[in-house]
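Close look at the chain arrangement
Spelled out, the chains give:
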Amino acid sequence: DVKVTQSSRYLVKRTGEKVFLECVQDMDHENMFWYRQDPGLGLRLIYFSYDVKMKEKGDIPEGYSVSREKKERFSLILESASTNQTSMYLCASSSTSGGADNEQFFGPGTRLTVL
Amino acid sequence: AQKITQTQPGMFVQEKEAVTLDCTYDTSDQSYGLFWYKQPSSGEMIFLIYQGSYDEQNATEGRYSLNFQKARKSANLVISASQLGDSAMYFCAMREKGNFNKFYFGSGTKLNVKP
């Protein structure tokens, strides 16, 4: 059974803290993605990575950074958490082969609250 | 411009009836893929159905079918014989061959199935 896992389902942090969200996939996918989901806004892409140590900014990268040291692991880092980063964070992965055909596989999500 | 537009923030349907969720897209690529995902209240994103831009037949998966009208750039999801378990958020997404590392998501439609 293919899987994308995220380190926490729920997380509560304080303003100014450094926050790490971890994502691991076991499908040997080249591509990995971090989204945030807010009501009425759908999924917005923060960063994605198409290979180890490679990353590209998505639509809303400000206040975030990422790390991909191994193919299976993609980390999202909030350098100094702020209350407007309270959101649901979804990690996803997909294969490059097959062009446009392959769907993304999602993790269960991390609901982050910043107080 | 929005790549994916879902104009129905919320919908109700009676159990056992069919419902159509609207999705329009914007692309200049000739080759692209269209996806529908379901997100129950638990938060995980579940892949439902895929339509390739060159597929001549509308995609079907069990009770889900995709009404693909290429000239109109619409990819509506049809759920037949609605069940209570179909109550969820539904997202339409697109992936372009010219930029197949990136997925574009709509803002979602919340479907409520009434008993």
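Each remark here, short or long, concerns the structure printed above.
What this report covers is the structure whose coordinates are included nearby. These numbers come from a predicted model, not from an experiment. (Residues numbered from 1 in each chain as written. Chains lettered and ligands numbered in written order. Predicted model: local features only at pLDDT ≥ 70, side-chain atom pairs only at ≥ 80, totals over all residues. Heavy atoms only, no water.)

The subject of this paragraph is the overall build of chain A. Tallying secondary structure elements over chain A gives 0 helices and 11 strands in all. Along its sequence from the N terminus, chain A presents helices and strands in the succession β-β-β-β-β-β-β-β-β-β-β. The C-alpha radius of gyration computed for chain A amounts to 13 Å, which stays within 12% of the reference 13 Å derived for 115 residues, consistent with globular compactness. Based on the C-alpha atoms only, the size of chain A along its principal axes is roughly 40 × 30 × 25 Å. In chain A, which comprises 115 residues, the share counted as buried stands at 50%. Of the roughly 5500 Å² of accessible surface on chain A, a fraction of 49% belongs to carbon and sulfur atoms. When the 15 basic and 16 acidic side-chain charges of chain A are each reduced to a single mean position, those positions are 8 Å apart. (Helix = DSSP H or I, 4+ residues; strand = E, 2+ residues; numbered from the N terminus. Rg over C-alpha atoms; globule rule 2.2 N^0.38 Å. Buried < 20%, exposed > 50% of the residue type's maximum accessible area, 1.4 Å probe, protein only. Areas by Shrake-Rupley, 256 points an atom, 1.4 Å probe, with all protein chains shown as cover. Lys, Arg positive; Asp, Glu negative; His and termini not counted. Charge placed at Lys NZ, Arg CZ, Asp CG, Glu CD.)

Here the focus is the layout of surface pockets. By volume, the largest pocket is sized at about 430 Å³. The wall of the largest pocket is formed by 22 residues, among which Gln37(A), Pro39(A), Gln39(B), Met89(B) and Phe91(B) lie closest to the centre. Elements with a contribution of two residues or more to the lining of the largest pocket: strand E4 (31–38) and strand E9 (87–94) of chain A together with strand E10 (88–96) of chain B. The residue makeup of the lining of the largest pocket, split by class, is 7 nonpolar, 12 polar and 3 charged. Along the wall of the second largest pocket there are 19 residues; nearest its centre are Leu41(A), Leu43(A), Arg44(A), Gln2(B) and Phe105(B). Every element with two or more residues in the lining of the second largest pocket is listed here: strand E5 (42–51) of chain A together with strand E1 (4–5) and strand E11 (99–105) of chain B. (1 Å grid on protein atoms, 1.4 Å probe; cavity = no way out; pocket = protein on both sides within 12 Å on 5 of 7 lines; lining within 4 Å. Points joined across faces, edges and corners; volume = space filled by probe spheres on them. Nonpolar A, V, L, I, M, F, W, Y, C, P; charged D, E, K, R; others polar.)

With that settled, consider the interface of chain B and chain A. Listed by partner, the interface residues are 21 residues for chain B and 26 residues for chain A. Taking both sides of the interface into account, the surface hidden between chain B and chain A amounts to around 1800 Å²; carbon and sulfur atoms contribute 57%. At the junction of chain B with chain A, the criterion picks out 0 salt bridges. At the boundary of chain B and chain A, one finds 4 residue pairs in polar contact (both at pLDDT 80 or more). Those elements giving two or more residues to the side of chain B that touches chain A turn out to be strand E5 (32–39), strand E6 (46–52), E10 and E11 of chain B. (Contact = heavy atoms within 4.5 Å. Buried area = accessible area lost by both parts, 1.4 Å probe. Salt bridge = Lys/Arg side-chain N within 4 Å of Asp/Glu carboxyl O. Polar contact = N/O pair within 3.5 Å; in protein donor to acceptor, adjacent residues only side chain to side chain.)

On to the state of the cysteines. Using the criterion set out here, one finds 2 disulfides over all chains in the structure. The disulfide bridge from Cys23(A) ends at Cys91(A), spanning 1.8 Å between sulfur atoms. A torsion of -75 degrees about the S-S bond marks the disulfide between Cys23(A) and Cys91(A) as left-handed. Remark: Cys91(A) occurs in strand E9 and Cys23(A) occurs in strand E3 (residues 19–25); sequence separation between them is 68 residues. Judged by its relative accessible area of 0%, Cys91(A) falls in the buried class. Note that Cys23(B) is cross-linked by a disulfide to Cys92(B), the S-S spacing being 2.0 Å. In this structure, the disulfide formed by Cys23(B) and Cys92(B) twists by about -65 degrees around the S-S bond and is classed as left-handed. With Cys23(B) in the loop between strand E3 (19–21) and strand E4 (24–25) and Cys92(B) in strand E10, this pair connects stretches of sequence that are 69 residues apart. (Disulfide = S-S within 2.5 Å.)

Before going further, it helps to examine the pattern of salt bridges. All names here are of chain A. Overall, the coordinates contain 8 salt bridges over all chains when judged by the stated rule. Arg73 is the salt-bridge partner of Glu22, the closest N and O atoms lying 3.8 Å from each other. A residue pair is termed long-range when its members are at least 10 positions apart, and Glu22 in strand E3 and Arg73 in strand E8 (residues 73–78) qualify at 51 residues. The class for Glu22 is partly exposed, based on a relative accessible area of 24%.

All names here are of chain B. Topologically, Tyr64 is positioned in strand E8 (residues 64–69). Spatially, the C-alpha atom of Tyr64 lies 9.9 Å from that of Ala18, the residues being 46 residues apart in sequence. When near neighbours in sequence (up to four residues on either side) are disregarded, Tyr64 contacts Lys38, Leu48, Ile49, Ala59, Leu77, Val78, Ile79 and Asp86.

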